[in-house]
Amino acid sequence: MSLTGRAPFARLGFVEAARAQRLLGPDGLDAWESALWDSAGGMDPGGRGVVAALAASADPDLALLTLVRLVEAQRPGSDFLDRLRSAPWLREPLVAVLGASTALGDHLVAHPDEWRVFDGEPLGAAGPTAAEMRDRLLDAVGAVRAEGGSAAVACGYGDAAVAALRDGYRRALLLLAARDLTGLVPLDEVAAELSDLASATLEAGLAVARAGLPAGAEPARLAVIAMGKCGGRELNYVSDVDVVFVAEPHAAPDGGDQAAALHTATVLATSLIRICGEVAWPVDAALRPEGKDGPLVRTLDSHAAYYQRWARTWEFQALLKARPVAGDAELGAAYIERLALLVWRAADREHFVEDVQEMRRRVLATLPALDAVRELKLGPGGLRDVEFAVQLLQLVHGRADETLRSGTTLVALEALGEGGYVGLEDAANLGAMYRWLRTVEHRLQLQRLRRTHRLPDDEAGLRWLARSMSYQSGPEMTAVEAFETDRSRHAREVRRLHEKLFYRPLLQSVARVPGEELRLAPEAAAARLSGLGFADPDGALRHLQALTAGVNRTAAIQRALLPVMLGAFASAADPDAGLLAYRQVSDALGRTPWYLRFLRDEGLVAERLAVLLGSSRFVADLLSRAPEALRMLASDDELRPRSADALRVSMLAAAHRSTDWEGTDWEAAVLTARGLRRLELLRIASADLLGQLDIDAVGQALTSVTDATLCAALDTAVAAAVSGAAHRRDGPLPMRMSVIAMGRLGGAEVGYASDADVLFVFEPLDGAEEGAASRVAHEVAEEMRRLLSVPAPDPPLGVDAGLRPEGRQGPLVRSLASYSAYYARWASVWEAQALLRARPIAGNDETGARFIEMIEQHRYPQGGIAAKDVTEIRRIKARVDSERLPRGADPATHLKLGRGALADVEWTVQLLQLRHAHERAGLRTPRTLEALSAAAEAGLIGAADADALGAAWRLASRVRNAVTLVRGRPADSLPRRGRELVGVARAVGYPPGEDPGGLVEEYLRTTRRARAAVERVFYA
């Protein structure tokens, strides 16, 4: 601090600069002149110290005015000013108090010798213990503590005793505030010491009250139970002290008169409330059973009976902080022990989590908007947001984890972090912001020793508050601006973390698990697992023990997650397989920093993961190969399938990024695209199993993924051919090439196990020799198929060109002219039928479009196909029915070739297309259901028959997909019994508990109707 110049008072923080100069000058404290230059010609450190202490205080003007009043209040001969100059251990805490608290300054002026409490040993970080405080206040009222309780003898009573207690309380408060304001003691310890001071005051007040009992009063044991912040040892400077009173007759051979003892205890409690209100703060007993309408004092049995039968959710939340603080210690301990059993079962109550969340919402709703932003305690981002979140987490998880059972918010928050229930970073951030908010609250209340949580609206009040929090003005912003910036940031972050933790889906799920199931011994756990539906409960128990063994953070988080996930596994079709898959994923990712944190913080993910792993081997395999894809389970938006265009762009870009296009590592490019396909398959399968996609959307999504993968593979194969061509010939490739989708791929009806049926077509460039173009086109097609068949951790994508002219005996690739000549001269009716689903998907768009234009006359022939061709199609279909059905397969339940199944529906629709598409534009579509709908609209098929065929096609497609999802590999028959049938039924939407045999009955009924329609339409 520079003192050059005559009056730099504004720079030192004084608002009333002229007054400060006068009061500090020779006619006042004579600190300013001596601070600059004393009569001996040197600096006076005493005067300089006084000015420096004033400048460092929260309000230099207030500190100076109160200091002047304190000087004026001194008795003649007082050495106060001399000590103020010469003793920095006195000066610094004293002036800090005067600048921060009008109320404590007034107390010092009213007790002019009280300044001497600072003029001994320098204040240190360690304050008096709880026992020392109690003894000091008991001494102040002349009480002697009796053995085993709070009964006191030789205690003063009346106004003198109350005044003595008030002075003792204020003296202790003054010393604590001084240590706090000078930074000797952190917030946590300030709150704990304030709580201990309150406990000591209650004990001393109770002693005074006992001394005032009339002679002959029935003896009574009375325990004072602190609730709220005092109970949690986190009291404010000024706060109501919430208490509950519990009483019993004094031990006697006859047990004593209970009614008379309760009367005595009520008199004591009433007196205690009055005495403490006169000494320090209001005592509030409204948290007792029945609130203000209930008796002030109850017996222990009466308390227990109320909480067992009548208590509401918030009352158990309040009991979290219950702590005996005064009176009969043994009775207080019995109260805590008995009610703790009820507190830690409260979360088992129906709608417990929702009740606590709704209570917090109601509090916010009652705050006027203008008040909410200035409200430090109840407003959004305030103290209650932290406390409610911590208490809810405690009550839910503390049923099984006793380390969480602390009434102190910051201690509980740290335990939640250490136990893995809250992220360590989140716990640390929330704790730091809670300390900041509590410090602001302390400063506000310390100013006038009034209970307030509202931030000042005026500039002067904000400037005082900012300075009391050690904010200083700088070149970029004032102290007030810096304070307001931090306050806004803290409020936003507290609110964000509150909503993240308080409304976490995992909480509701954990709360639904009965508390006793969270603490099962191994034998009971195995029995419980068997009851949940695990076929091998001992094996499941071994998985659980492996996942939760140890004391590390990973095991702790697993212990929090698994009770919820077990319920989700149990609701899935195969709990054993689900738990095994979860262990495998956890073994692969358990040490990855984000994995378990993600499952814990996004409770929806944990439940969805359990359902998926217990429902689908297909999903489990995909997740084991791409566990990072778990992130997509966090939101419905992430599970929404990506558009065809977006997939194509991303796969092409990924393939390009994976090779330098100058080497020969083309496999890396396609493997990257295939990795994206694996991710998309997982996205689609998850959304499908979670009921977010119907069969049409699944088919379209799988088709888009296949299209994009083939596009990336063809692009890479062409690039490989160009690279190879640079060593053999000059210029670009001599042809344009296109891939034409056929079959289910062409119809955008791909299933999880579908191959990619395609045709390869090329056109020589102008001037290119067709033979050379054909050789390069073959090279590209073979390379494309090779790249897609390279072993990789993703599901295989077979490229099947068996529908090409002459089948597998014909060339893999043909020119457009060759296709045209073949179809014009040699094509059979089944090849025209196959072309109904042709659709260009990759390569040169113009070549693909010309191919489609060329085949229009063959698949939609003018006048429809001839009668002999109709007969031929029927003959081929009959042959397929008799020869292609696998040996031993049941035609009633074969999903593709069975009666009324996929082939029946598709052949029927395709026959209608071949006969009528030339005159009905709506039939010119590669999609089965679109063509069926168009046929019904045109009157080519009855509405009932169309509905029957459409229902059978959808159900067979859903079941076929479900079989692949459940088994992890394709199969074309509906299971008739066993766990696979259960899994398939669940996958198509049958709820848990419903007889999966209903699916078989539904399938047989639906396909019988479809087969009847086929007989009427296809064979008519």
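Residues numbered from 1 in each chain as written. Predicted model: local features only at pLDDT ≥ 70, side-chain atom pairs only at ≥ 80, totals over all residues. Heavy atoms only, no water.

## A short note on the packing of helix 10 (residues 187–211) against helix 12 (residues 258–279)
For clarity, the threshold we go by: Only the contacting stretch of a helix is used when fitting its axis, a line to C-alpha atoms as for every element, and angles between N-to-C directions run 0 to 180 degrees. Secondary structure elements are defined from DSSP: runs of H or I of at least 4 residues count as helices, runs of E of at least 2 residues count as strands, and each element is numbered from the N terminus. Every angle not falling under 35 degrees, over 145, or within 65 to 115 is termed oblique; those three ranges are roughly parallel, roughly antiparallel and roughly perpendicular. Crossing handedness is read from the near helix: turned anticlockwise from the far helix by less than a right angle, it gives a left-handed crossing, and turned clockwise, a right-handed one. The contact rule is simple, with two residues in contact once any of their heavy atoms fall within 4.5 Å. Classes in brief: Ala, Val, Leu, Ile, Met, Phe, Trp, Tyr, Cys and Pro nonpolar; Asp, Glu, Lys and Arg charged; the others, Gly included, polar.
Between helix 10 and helix 12, whose axes approach to 8 Å, the crossing angle comes to 125°. Viewed along their axes, helix 10 and helix 12 adopt a mutual orientation that is oblique. The two elements helix 10 and helix 12 cross, and the hand of that crossing is right-handed. Across from T201, L202, G205, L206, V208, A209 and R210 in helix 10, the residues of helix 12 making contact are L268, S271, L272, I275, C276 and V279. The residue makeup of the contact of helix 10 with helix 12, split by class, is nine nonpolar, three polar and one charged.

## Here we look at the packing of helix 7 (residues 102–110) against helix 9 (residues 159–181)
Where helix 7 meets helix 9, the axes come as close as 11 Å, and the angle between the chain directions of the two elements is 125°. When the interaxial angle is binned, helix 7 and helix 9 end up oblique. Helix 9 is crossed by helix 7, and the crossing has left-handed handedness. On helix 9, the residues touching A103, L104, H107 and L108 of helix 7 are R170, L173, L174 and A177.

## What about the pattern of salt bridges?
This is how the line gets drawn: The salt bridge definition used is simple: a Lys or Arg side-chain nitrogen within 4 Å of an Asp or Glu carboxyl oxygen. To sort residues, take the accessible area from a 1.4 Å probe on protein chains only and compare it with the maximum for the residue type: under 20% means buried, over 50% means exposed, and anything in between is partly exposed.
Tallying each qualifying case throughout the model produces 62 salt bridges. The closest approach of N and O atoms between E315 and R312, which form a salt bridge, is 3.8 Å. The closest approach of N and O atoms between E846 and R850, which form a salt bridge, is 4.0 Å. With E846 and R850 both in helix 39 (residues 845–859) and four residues apart, this pair spans about one turn of that helix. Note on E846: relative accessible area 49%, which makes it partly exposed.

## A look at unusual backbone geometry
For L449, which is not a glycine, the phi torsion comes out positive at approximately 50°. Positionally, L449 belongs in the loop between helix 20 (424–448) and helix 21 (459–468). Although it is not a glycine, E806 adopts a positive phi angle of roughly 65°. Along the polypeptide, E806 turns up in the loop between strand 10 (799–800) and strand 11 (813–815).

## Quick notes on the packing of aromatic side chains
Between two aromatic rings, the relevant description is the distance of the centres plus the angle of the planes. What counts is decided by this rule: Two aromatic rings from Phe, Tyr or Trp, using only the six-membered ring of Trp, form a pair when their centres are within 6.5 Å; if the ring planes differ by under 30 degrees the pair is stacked, by over 60 it is edge-to-face, and anything between is tilted.
Going through the model one piece at a time under the given rule, you end up with twelve aromatic pairs. Considering the side-chain rings of Y822 and Y823, the 5.7 Å spacing of their centres and the 75° angle between planes classify their relative orientation as edge-to-face. The same class applies to Y822 and to Y823, which are both buried.

## Here we look at the confidence of the model for the protein
Rule in force here: Each residue carries a pLDDT score, the predictor's own confidence in it, on a scale running from 0 to 100.
Predicted confidence across the protein gives a mean pLDDT of 87, with 92% of residues reaching 70 or more. In this model residues 1–7 is a low-confidence stretch, pLDDT under 50, and it forms 19 contacts with partners more than four residues away in sequence or in other chains. Long-range and interchain partners of residues 37–43, a stretch whose pLDDT sits below 50, account for six contacts in this model, where long-range means more than four residues apart.

## A word on helix 36 (residues 770–789)
Each turn of an α-helix holds 3.6 residues, which means side chains three or four residues apart point in the same direction. Heads up, the condition is: To estimate the expected span of a helix, subtract one from its residue number and multiply by 1.5 Å. Think of a polar contact as two N or O atoms within 3.5 Å of one another; within protein, one of them needs to be a possible hydrogen donor and the other a possible acceptor, and neighboring residues in sequence only count if both atoms come from side chains.
Relative to the 28 Å expected for 20 residues at 1.5 Å per residue, helix 36 spans 28 Å between its end C-alpha atoms, a close match to the ideal helical length. Where helix 36 begins, the side chain of E769 points an oxygen toward the backbone nitrogen of G771, at a separation of 2.8 Å.

## Observations concerning the environment of L29
Here L29 is to be found in the loop between helix 1 (17–24) and helix 2 (32–36). Taking relative accessible area as the criterion, L29 reaches 7% and is therefore assigned buried. C-alpha separation for the pair L29 and L342, spaced 313 residues apart in sequence, amounts to 63 Å. Leaving out residues up to four positions away in the same chain, L29 has contacts with L23, L24, L64, L67, V68, V71, L81 and R85.

## Comments concerning the pairing of strand 4 (residues 241–249)
Put simply, the rule is: At least two bridges found by DSSP between two strands are what make those strands a pair.
By the criterion of burial, strand 4 is predominantly enclosed, with nine of the nine residues buried. Here strand 4 shows a buried face lined by V241, V243, F245, A247 and P249 and a second buried face lined by D242, V244, V246 and E248. Bridging between strand 3 (residues 220–226) and strand 4 involves seven bridges; their strand directions are antiparallel. Paired with A220 across the strands is P249, a residue of strand 4. Pairing between strand 4 and strand 5 (residues 283–284): two bridges, direction parallel. When the bridges of strand 5 are listed, V241 appears paired with V283. Here two bridges tie strand 4 to strand 6 (residues 297–298), and the two strands are oriented parallel to one another. Pairing of F245 across the sheet is with V297, part of strand 6.

## Quick word on the state of the cysteines
For clarity, the threshold we go by: Only a pair of cysteine sulfur atoms within 2.5 Å counts as a disulfide in this structure description.
Tallied over the entire structure, the rule returns zero disulfides. No disulfide involves C276; its sulfur sits 10 Å from that of C230, the nearest cysteine.

## Remarks on the nonpolar core
Soluble globular proteins: nonpolar side chains tend toward being buried together. We apply this condition: We call a set of buried Ala, Val, Leu, Ile, Met, Phe, Trp, Tyr and Cys residues a nonpolar core when their side-chain atoms join them within 4.5 Å.
Counting residues in each nonpolar core, the largest one holds 152 residues, and the members touching the most others are Y582, L710, M737, F760 and L999. Counting residues per element, this core draws most heavily on helix 34 (residues 695–725), which supplies 14 residues. When residues no more than four places from it in sequence are discounted, the contact partners of Y582 are L547, Q558, L561, L562, M565, F569, Y595, L596, L599, L609 and L613. Residues V51, F118, F245 and A261 belong to the second largest nonpolar core, which totals 86 residues.

## Focus on the side chain of S704
Relative to the assigned elements, S704 resides in helix 34. Given a relative accessible area of 5%, S704 falls into the buried group. Residues in contact with S704, not counting those within four places in the same chain, are A644 and L647.

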